[in-house]
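Working through the structure, step by step
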Amino acid sequence: MEREALEAIREAQDLEALRTLKARYLGKRGVLTQEMKALASLPLEERRRRGQALNALKEALEKALEERERALEEEALRQALERRRLDVSLPGVALFAGGLHPITLMERELVGIFRALGYQAVEGPEVESEFFNFDALNIPEHHPARDMWDTFWLEGEGLRLTGPLGEAVEGRLLLRTHTSPMQVRYMVAHTPPFRIVVPGRVFRYEETDATHEAVFHQLEGLVVGEGISMAHLKGAIFELAQALFGPESKVRFQPTYFPFVEPGAQFAVWWPEGGKWLELGGAGMVHPRVFQAVDAYRKRLGLPPAYGEATGFAFGLGVERLAMLRYGVPDIRYFFGGRLKFLEQFKGVL
Ligand code: FA5
């Protein structure tokens, strides 16, 4: 019986089989237990002898069961580890980590170019007042120049807007039609000389097509200081062209009208790779009326005049138009059309 039991235990293939064996020999109705009970009816001498043998057998079986159990558990653990093994040499699965929007990329590139030229980047509110967006920029109500910018007007209670120094702003509100109102805000709160660029989103009540959006981005530039001239403006745009398109690029200025500059120009940069001129934006020398409006506003806030002698230039360019060319995008509406397939192409374009 001992040989048979020990062999069965050694060969048990799993814990379940082991439990069955344990019950068969050592359980309440197990073979060994029965034998122990039967001792009672034996004569003393034989009872002792047989009792000792049975006890030794019991110990041997318990030990064997325990050993086999440990061996089986170790084997089960080893198999589980084997199954779950991590192969660190397998190629990784690329996680979609997102990326910067192409307009953000373009905006950063532009701001970076001007930072290198000593400009500071500042931002202004998208909700503006009629005063900063139009009047202070020499675009009075009923003036035909207002038609250059079709405006989203805002109405309703609860809209609060603050001015350049945190003061409450009166008057009708709108979504800014260009980044130029930030010229006025910045000048009210600062004294020359300074160089700034203002990236930002602008809004126009316009029909859209492949090159026009109702919501788009501009980069405004403003430089005010002693002796600033049109030559400095041309120099700044030339540096921009060189930084964007390399040493073969050049710039072109054509006279045009904006109420807040005099003289005014529209400018284009030569794109050598594409072999064409790219109309980028408007520019000019800050109109004296703008400086006057700024000083008048400063006066109302109790600030001394700061722009009596000032000269300066300003420019404003369209970010999307440039990004279309930079990234070969044929339709401006792709940028904010919300399609991931389009946006995913810009992953990692830093
Ligand atoms: C202005 O908005 C003036 N504030 C620019 C300026 C600033 C002039 C400082 C003088 C001094 P304009 O409306 O032309 O100008 O717009 C400037 C640029 O914005 C355009 O050249 C074009 O690149 C871009 N733009 C204008 N309308 C749209 C549109 N609907 N969709 C996409 N880009 C546009």
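Our structure is the block above this text.
So, the nonpolar core
Membership of the largest hydrophobic core comes to 41 residues, with the highest contact counts inside it found for L110, F313 and F315. Not counting chain neighbours up to four residues away, the residues in contact with F315 comprise F114, V197, L219, E220, G221, L233, I237, F267, G282 and A283. Listed in part, the 34 residues of the second largest apolar core include L173, V188, V224 and A314.

Quick word on the sheet that holds strand β1 (residues 120–121)
Taken together, seven strands build an open sheet; the order of strands is β1-β5-β6-β10-β9-β8-β7 and the sheet is mixed. In this open sheet, the two strands that pair with only one neighbour each are β1 and β7 (251–255). Two elements, strand β5 (residues 194–203) and strand β6 (residues 215–225), share ten bridges in a ladder whose sense is antiparallel. Within β6, the position partnered with R201 by the bridge is H217. With respect to the sheet, helix α8 (residues 230–245) is in contact with β7, β8 (261–271), β9 (276–286) and β10 (311–318), its orientation differing from that of β8 by roughly 20°. On top of the sheet, helix α10 (residues 319–327) reaches β6, β8, β9 and β10; it is set at about 110° to β6, its chief contact.

Considering the site of the ligand
Among the 25 residues in the neighbourhood of the ligand, the closest are listed as H178, S180, R204, E206 and E213. Within the backbone of E213, one N or O atom sits 2.9 Å away from a nitrogen atom of the ligand. One of the backbone N or O atoms of L280 is found 3.2 Å from an oxygen atom in the ligand. Of the residues belonging to the shell around the ligand, the class tally is ten nonpolar, ten polar and five charged.

So, the pairing of β9
In terms of burial, β9 is a largely internal element, eight of the eleven residues being buried. Two elements, β8 and β9, share nine bridges in a ladder whose sense is antiparallel. Bridging across to β9, A268 finds its partner in E279. Where β8 hands over to β9, the hairpin turn is made up of four residues, of which G275 adopts a positive phi near 65°. Bridging between β9 and β10 involves five bridges; their strand directions are antiparallel. If you follow A283 over to β10, its bridge partner there is F315.

Some remarks on the side chain of S129
When you line up the elements, S129 lands in strand β2 (residues 127–129). For S129, a relative accessible area of 0% corresponds to the buried category. Excluding its chain neighbours within four sequence positions, the residues that come into contact with S129 are L161, V169, E170, R172, L173 and L174.

So, helix α2 (residues 15–26)
Three or four residues apart is the spacing at which side chains of an α-helix point the same way, because the helix has 3.6 residues per turn. In this model, α2 (twelve residues) spans 16 Å end to end at C-alpha, consistent with the 16 Å of a helix rising 1.5 Å per residue. Along α2, the positions that sit buried rather than exposed are L18, L21, Y25 and L26. Viewed along the axis of α2, the buried residues span an arc of 95°, placing them on a single side of the element. If you follow the buried residues of α2, they end up packed against α1 (2–11), α3 (31–38) and α4 (44–83).

Let's talk about the pattern of salt bridges
For the structure shown, the criterion picks out 14 salt bridges. E16 is paired through a salt bridge with R19; the nearest N and O atoms lie 3.3 Å apart. Here E16 and its partner R19 are both found in helix α2, three residues apart, which amounts to about one turn of the helix. Through salt bridges with shared partners, a single network forms among E130, E141 and R172.

About the cut-offs
- Within each chain, residues carry numbers counting from 1 in the order of the written sequence.
- The model is predicted, so local features are restricted to residues of pLDDT at least 70 and side-chain atom pairs to those at 80 or more, both for listing and for counting; the totals for chains, interfaces and linings are taken over all residues.
- Excluded from the side-chain calculations are hydrogens and water; all other atoms, namely the structure's heavy atoms, are used.
- Put simply, buried Ala, Val, Leu, Ile, Met, Phe, Trp, Tyr and Cys residues joined by side-chain atoms within 4.5 Å make one nonpolar core.
- Exposure categories follow from relative accessible area, calculated using a 1.4 Å probe and restricted to protein chains: below 20% of the type maximum is buried, above 50% is exposed, and the middle band is partly exposed.
- When checking whether two residues touch, look at their non-hydrogen atoms; a contact exists if any pair is within 4.5 Å.
- Pairing between strands is defined by DSSP: at least two bridges between them are needed.
- Starting at the N terminus, helices and strands are each numbered in turn, a helix being any DSSP run of H or I of at least four residues and a strand any DSSP run of E of at least two.
- For every element, the axis is a line fit to its C-alpha atoms; helices are fit only across the contacting stretch, and the angle between N-to-C directions ranges from 0 to 180 degrees.
- Nearness here has a simple test: a residue counts as near a molecule or strand if at least one of its heavy atoms is within 4 Å of that partner.
- Each polar contact in these results corresponds to two N or O atoms within 3.5 Å; when the atoms are within protein, one needs to be able to donate a hydrogen and the other to accept it, and residues that are neighboring in sequence are counted only if both atoms are side-chain atoms.
- Classification convention: Asp, Glu, Lys, Arg as charged; Ala, Val, Leu, Ile, Met, Phe, Trp, Tyr, Cys, Pro as nonpolar; all other residues, Gly among them, as polar.
- To estimate how far a helix should extend, the number of its residues minus one is multiplied by 1.5 Å.
- Of all possible arcs, the one meant is that of the directions from the helix axis to the C-beta atoms.
- Salt bridge, as applied in this entry: a Lys or Arg side-chain nitrogen positioned within 4 Å of an Asp or Glu carboxyl oxygen.

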